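Chain by chain, the residues:
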There are 4 protein chains.
Amino acid sequence: MNIFTERESDIRAYARVYPVVFDKASNARMTDEDGKEYIDFFAGAGVLNFGHNNEQMIKAVVDYLQSGGILHSLDLHTTAKRDFMEAFTKTILEPRGMAHKLQFMGPTGTNSVEAALKLARRVTGREEVVAFTKGFHGMTLGALACTANQVFRNAAGVSLENVARMPFGCETPCQGCELGCGLASLDDMAAKYRESSSGIKPPAAFLVETIQAEGGVNVASAAWLEKLGAIAKEFGSLLIVDDIQVGCGRTGNYFSFDGIDIDPDIVCLAKGIGGLGTPLAMNLVKPEHDQHWKPGEHTGTFRGQNISFIAGREALKFFDNDTLMNEVHAKTEIINQALAPLAQHAGIQLRGKGMVAGLDMGDGVRARSIIDICFAQGLVVTACGSEGRVLKIIPPLTISEADLKAGLQILVEATESTLAEAA
Amino acid sequence: MNIFTERESDIRAYARVYPVVFDKASNARMTDEDGKEYIDFFAGAGVLNFGHNNEQMIKAVVDYLQSGGILHSLDLHTTAKRDFMEAFTKTILEPRGMAHKLQFMGPTGTNSVEAALKLARRVTGREEVVAFTKGFHGMTLGALACTANQVFRNAAGVSLENVARMPFGCETPCQGCELGCGLASLDDMAAKYRESSSGIKPPAAFLVETIQAEGGVNVASAAWLEKLGAIAKEFGSLLIVDDIQVGCGRTGNYFSFDGIDIDPDIVCLAKGIGGLGTPLAMNLVKPEHDQHWKPGEHTGTFRGQNISFIAGREALKFFDNDTLMNEVHAKTEIINQALAPLAQHAGIQLRGKGMVAGLDMGDGVRARSIIDICFAQGLVVTACGSEGRVLKIIPPLTISEADLKAGLQILVEATESTLAEAA
Amino acid sequence: MNIFTERESDIRAYARVYPVVFDKASNARMTDEDGKEYIDFFAGAGVLNFGHNNEQMIKAVVDYLQSGGILHSLDLHTTAKRDFMEAFTKTILEPRGMAHKLQFMGPTGTNSVEAALKLARRVTGREEVVAFTKGFHGMTLGALACTANQVFRNAAGVSLENVARMPFGCETPCQGCELGCGLASLDDMAAKYRESSSGIKPPAAFLVETIQAEGGVNVASAAWLEKLGAIAKEFGSLLIVDDIQVGCGRTGNYFSFDGIDIDPDIVCLAKGIGGLGTPLAMNLVKPEHDQHWKPGEHTGTFRGQNISFIAGREALKFFDNDTLMNEVHAKTEIINQALAPLAQHAGIQLRGKGMVAGLDMGDGVRARSIIDICFAQGLVVTACGSEGRVLKIIPPLTISEADLKAGLQILVEATESTLAEAA
Amino acid sequence: MNIFTERESDIRAYARVYPVVFDKASNARMTDEDGKEYIDFFAGAGVLNFGHNNEQMIKAVVDYLQSGGILHSLDLHTTAKRDFMEAFTKTILEPRGMAHKLQFMGPTGTNSVEAALKLARRVTGREEVVAFTKGFHGMTLGALACTANQVFRNAAGVSLENVARMPFGCETPCQGCELGCGLASLDDMAAKYRESSSGIKPPAAFLVETIQAEGGVNVASAAWLEKLGAIAKEFGSLLIVDDIQVGCGRTGNYFSFDGIDIDPDIVCLAKGIGGLGTPLAMNLVKPEHDQHWKPGEHTGTFRGQNISFIAGREALKFFDNDTLMNEVHAKTEIINQALAPLAQHAGIQLRGKGMVAGLDMGDGVRARSIIDICFAQGLVVTACGSEGRVLKIIPPLTISEADLKAGLQILVEATESTLAEAA
């Protein structure tokens, strides 16, 4: 009996691409039940910034469990939560002069987006939100309305409303892209808001990823983000940065927007924030907006997970000094040097920032065959973007240089052989 | 510095009612950082059916952590997941002849409802869903549209659509209730579906709790549920039972609908399913409906949590034999005997089934003052229902008889003294 | 060449039932191009209360045309409009102590409903409106959302939103009807508005016909209407009476609600108001609501039609004294006496008030075959209600007794012969 | 007693700008009750293409009335309707090789748009429609969602959904306009339709005016319209041309799009079609789309007005030969020559095509003061566009050259004096 085929929902997806049963994992390595090891360039879709089963975190969690620390506590105050909040405030917020409040909700990215949308609508008294082409923000109905991909949208079964779609401002346009991105489209948008007969009003919020990881590793230009921020301010719209996949150190800074001159009203965090890959989600909200919440208006059984606070607090120690971020810069170099030659091939494009890279193969079938070769060779890598044509390289930040190079070699060879075959 | 007042979002709610910092917990007891102990009649809003930090589960999780078991794995197959699925199938589904498939999604109840709604709409090609007065189904936009409480609905900031509201069929009408519940309202509803000029069409699904726990511990009558099930079948609508708060043994059977002649198309589970109170959500879906999913249409980073599989698998052992369920029956008796005298007072009503009881005080201010007295006396109990006027008694199923009786005594005395004061 | 089959849209409907080409008409008689005469029991679906081509009106209109009177004038003041408004105020409003303002809009019933809905939403700041089972309010999107019939609703192509559907309070339940109408359903509704956890809020307005003419000649009981009016007042919802088909004298009083103790906030009029059957629509709006309009917010090219003002002003003379209304009472008697025996047959029901009667045949095919026999015999009568099973008798109020009796005889004989055949 | 201030709704608008009581009218002249005459450059907002009370039409209508011709007939066949349909087919459709069917609905422009939207959604199975910045399509909810002006939209009281807004492709950008119109925006739009991750799908229809008359006399370029038509064809979207205000000869051809290489699926007509300014609306629908209607799905009491058929049939005689259209070309010249010098002033722009001209004053207050001066001088002219800053010159096509020149002189002098005063 194979319980998965017999009893697991047909909706399972990644499990079809990597059809083994995983058992153990450590940093950038996963092991299946037959003992075969895989280098992990997927990292739980950006969850495992600090690797699988980080030793310090495991130790802290085991200690907590063995000491009888409270595990489930709704939104009650706990010592574990306090430690996490104090560390986050001191390590991340205070150095940046961010006065934001911390809001915990159901421990998923989509829930953090839902909460942000509610608050933005409350604060502004407006209904419509602007999201961007190729954006990905989750699966629950409010967040799904902001997600661009048609496959996901088609599953809604109802109209997805109160969201207007604008072109995302890619730094480098994707090959063959004609979506009219860039600064001009922002100017057009602002002009419509100023014109009372345009039929278009300023939104409650702009919901934006600085790098669209699911959307194909599309990196917004700083100039575009800064203009977007200025427009939000001009029209009284909130700027919400969905930093769920590319925050928490992924780009070489804690926030993906560090170094860009924007001032988000709300930052959505999840994935990496819990350290070990146990669920947690948290919004950073400017106090002047946060005060519009009434107590208990957006609840959830699992907001505030103590295991995630314990491990997440350990993770924050990576940001006490520059060691990890410097490593990220060095590994970014390694990734780019390894992959740049592939982008010399016609029809292939390399995009990315920090330790998230996208190798756009221009073709989903080709991308998939590379994935399959890699998997056979012991590398887990996945695809993103339209038709899954972009290979996404998003290893743990803590991956060893050896594993990183070994994984890249597998990927490069798989790509070269696929290209050679096609030629 | 108090980090909570300084930096936690104003939306915090329970933390305002129980303004201490919790530190440790064991079965039905929580301890704050000053060492004060509290008997827990709240149990994480129905999460902690098996108590805080159950020893067997803690041991299993610690073993898993120390053995390097994979923690985060998206929807990949893992050995931990296999064990859980096999145990669930063998222990729960097979004895009931349920062919349902298991779908994992983002690990929150609201997410399981969102997935169920999508599938029901897909299967039927219909948009509207029927939910019931006083129903509670979550906070994300699709589930929120099904939730009745106006406080939560007002936070949406947009219209909540595609949901029709029908009266819930309470076994015992709440005192003063004029909502027109009962079998007659189901007959009216069916008549409208049959009449092409009624302006009302059969829905994609009926989404129902057998006991509305958040809504005030309103228990549906078996006759009403059975008629509802028959109507769903007649009109090709899916019957979705939201068993998130009252499933997993709460009523003295695994499912709250065991013993009632209905055949749910989808059962939503969360809260208790993960054993220890770490997040997990799972829908049981009839295979003929499940096959309408396309792979990956409803995703989520945290679907399938291995820690929750490990602890949840331990929890299933409670259902290998009748010991715990027999205990539940005995403790139900204890609760009812303790509280029945209070319901002799004018304006007080006792409702419930199994180990979830509601003491309707008819007045939210009075209920709150009882809660405050209890908390001072070392008992955590909370309120539900309109204006929070119903005290909800939902202790761990595993609570010791001593703690149960001690807690009940605190509650009874607090109630009596409040009533005496008012007289 | 038949231009109709070649070039007229497939959507044509009545023209398929009465497949001749009409040429001339006078009071209750229409003549086709072959000279065949038809008694008219349809009267333009309630438009021709004063018959086809009333002599006084024709004379007044011809005089106006020949004198160079302005025909098209948007919403400008004209002498023709002034005369109409003054006569309407003096003849209809002042005797009833109604302070309502007169609003003209695009000259169709659906447009008057759209304007009423907008204003009710503006005044209350609420979105949802309550309309009733079997109600008919028009075809444009806002009014269509209030219309119950599924055939019309299905043509929308989009979700019809912001309307809740409640059971209509029939005086006499239709045979076989199980829609749960009556006073109890209003009590249930009010209870839900009072209960904050019901998931239902009071609406912006209740939109109601006192007699659902298209819906099957369903007559609301006075008690139900009066309770509805009281509920509207209690919850700050506007009471909108759609008197488009049964106002202007049809029931033996000018308004269909004369003699019933309700106080509508808005009354929608169209159809009969223009006298000759040229387009006009007008809302009567209480001044305290009307003042919420900003100038020009609801416009329309054809609001205020001077030909309709001229003929409509003539029509108001019928209400200077009791002559016509007394005739209506007498003819109502004639209709009821003629049709009552048919209602003795099993499965046939007679409903109605004043000169609108519905003979519910319980079966649309049977009703249609009676219509066809009548038409062959020189009587135009049509069907309404679910599946078109109700024969609707709605002749001009001014029909001669001879024509009325002749038409009734044709109808009775056609019905009897159809029943005999079926037996 | 002034009945208008006492009893007419506060919503009245034009009547406030021209606060007299009109009594008679002839061709391009209106006379108030004091005998003062006004030259009419407004023509009922484009209704009176053939002037007020055209003698031939008045005679035909009087003859019809005096002969007992049937006036009200729902959608029944009548001889008057047949004559109109035959003449329209022969005069307008056949010479253009248009196989379109003729659909009559409630006799207003907004109703014709509602019907067109329903059919487009039915044919394509899609919900969303694209309408354009500054577009005006009516006041009922479905059409209003397509209208851009915020004043009108704000009156809805509910969300306006299922419409996406794209920039209109002005031939000459308005002064100061930054709306990003033009061909590039169409290319961007098409690119989004091609990209499955854009979050944007092709619409059911593009609803477009070739000249936005209410929107400020914005003339679409032929190149833009042709590209739009090609995109509609590529993506299976219907092209709906709203020719309500600028069809029926206004531009010097019968249709405003004559001579432009587009092939509309549906053409909406109203206003001028009825000849004398009595209500009529008609859609031209390609047979392959029309067949998707089921009989009676979109009804309306006043579809098919016989007086309008009689007068409208007379109006079609103007298109039997080129006389009127040649006159239009000549008068267009006169208008342009008179107004061109004004456009030399900084901040003033002249736009238009055929006998609809817009003089954009860049400022609504200035435009209004010119209107007031003109009115005092005996010229009725109105404003359109954002904040009413564009003077719209839209006289009857049949205006005498003398009246045209006299009116233009008043307008020019009023403008010059206003400018002089400001300087």
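If you're wondering where the values come from, they're calculated on a predicted model, not measured in any experiment.

## Quick notes on the sheet that holds strand S16 (residues 379–380) of chain C
Spatial ordering of the open sheet is given by S16(C)-S3(C)-S2(C)-S1(C)-S4(D), a layout of 5 strands whose pairing is mixed. The open sheet is flanked by S16 of chain C together with strand S4 (77–78) of chain D, the only strands paired with a single partner. As judged from the 3 bridges shared by strand S2 (residues 29–32) of chain C and strand S3 (residues 37–40) of chain C, these two strands associate in the antiparallel manner. Across the sheet, residue C:Met30 finds its bridge partner in S3(C), namely C:Tyr38.

## Thoughts on the environment of A:Glu333
The residue A:Glu333 is located in helix H13 (residues 323–339) in this model. Between the alpha carbons of A:Glu333 and A:Ile262 there is a distance of 26 Å; along the sequence they are 71 residues apart.

## Some points on the domain arrangement of chain A
Residue and element names in this part refer to chain A. What the domain assignment reports for chain A is domain 1 (3–53 + 322–422) and domain 2 (70–319). The gap between the C-alpha centroids of domain 1 and domain 2 is 25 Å. In this complex, domain 1 contributes 30 residues to the contact, which on the side of domain 2 involves 25 residues. Mapped onto the side of domain 1 that touches domain 2, the elements with two or more residues apiece are helix H3 (43–46), H13, strand S14 (349–353), strand S15 (356–360) and strand S18 (390–393). For the side of domain 1 that touches domain 2, the element with the highest residue contribution is H13, accounting for 5 residues. For the side of domain 1 that touches domain 2, the per-class residue count stands at 13 nonpolar, 13 polar and 4 charged.

## Remarks on the pairing of strand S14 (residues 349–353) of chain C
All names here are of chain C. Extensive coverage of S14 is indicated by the burial of 4 of its 5 residues. Two strands pair when backbone bridges link them, and S14 and strand S15 (residues 356–360) are joined in this way by 5 bridges, in the antiparallel orientation. Directly across from Arg 351, in S15, lies its bridge partner Gly 358. Hairpin connection, S14 to S15: the antiparallel pair is bridged by 2 residues, and Gly 354 has positive phi, about 60°.

## Observations concerning the packing of helix H14 (residues 364–376) of chain B against helix H15 (residues 401–422) of chain B
Residue and element names in this part refer to chain B. In contact at an axis separation of 9 Å, H14 and H15 are set at 130° when each is read in the N-to-C sense. It follows from the interaxial angle that H14 and H15 lie oblique. Considering only the axes of H14 and H15, their crossing is right-handed. Here Arg 366, Ser 369, Ile 370, Ile 373 and Cys 374 of H14 come into contact with H15, specifically with Ile 410, Leu 411, Ala 414, Thr 415, Ser 417 and Thr 418.

## Description of the interface of chain A and chain B
Each partner contributes to the interface: chain A provides 93 residues, whereas chain B provides 93 residues. Residue contributions to the side of chain A that touches chain B peak at 7 residues, all from helix H6 (residues 109–124) of chain A. Here the side of chain A that touches chain B is built from residues that sort into 40 nonpolar, 33 polar and 20 charged. Sheet analysis places strand S4 (residues 77–78) of chain A next to strand S1 (residues 21–26) of chain B, joined by 2 bridges and oriented parallel.

## Here we look at the sheet that holds strand S17 (residues 382–384) of chain C
Residue and element names in this part refer to chain C. Taking strand neighbours across the sheet as the criterion, the 4 strands line up as S14-S15-S18-S17 in an open arrangement whose pairing is antiparallel. If you trace the sheet from one side to the other, it starts and ends with S14 and S17, each paired once. Strand-to-strand twist in this sheet, taken as the mean axis angle between neighbours without regard to direction, amounts to 30°. Strands in contact with helix H14 (residues 364–376) are S17 and strand S18 (390–393); relative to S17, the strand with the most contacts, it is inclined by about 160°.

## A look at the relation of the copies chain A and chain B
Aligned on chain B, chain A shows an RMSD of 0.0 Å; the corresponding rotation is 180° and the shift along the axis is 0.0 Å. Each copy turns onto its partner about a two-fold axis. No C-alpha of chain A approaches the rotation axis more nearly than that of A:Leu141, which lies at 2.6 Å. A shared binding surface is used by both copies, with 100% of the interface residues of chain A retained as interface residues in chain B.

Criteria and cut-off values
Residues numbered from 1 in each chain as written. Chains lettered and ligands numbered in written order. Predicted model: local features only at pLDDT ≥ 70, side-chain atom pairs only at ≥ 80, totals over all residues. Pairing = 2+ DSSP bridges. Helix = DSSP H or I, 4+ residues; strand = E, 2+ residues; numbered from the N terminus. Domains from an automatic or database assignment. Contact = placed C-beta atoms within 7 Å. Nonpolar A, V, L, I, M, F, W, Y, C, P; charged D, E, K, R; others polar. Buried ≥ 20, exposed ≤ 12 C-beta atoms within 10 Å, placed from the backbone. Axes fitted to C-alpha atoms, helices over the stretch in contact; angles between N-to-C directions. Parallel < 35°, antiparallel > 145°, perpendicular 65-115°, else oblique. Left-handed = near helix turned anticlockwise from the far one by under 90°. Least-squares fit on C-alpha atoms with pLDDT ≥ 70 in both.

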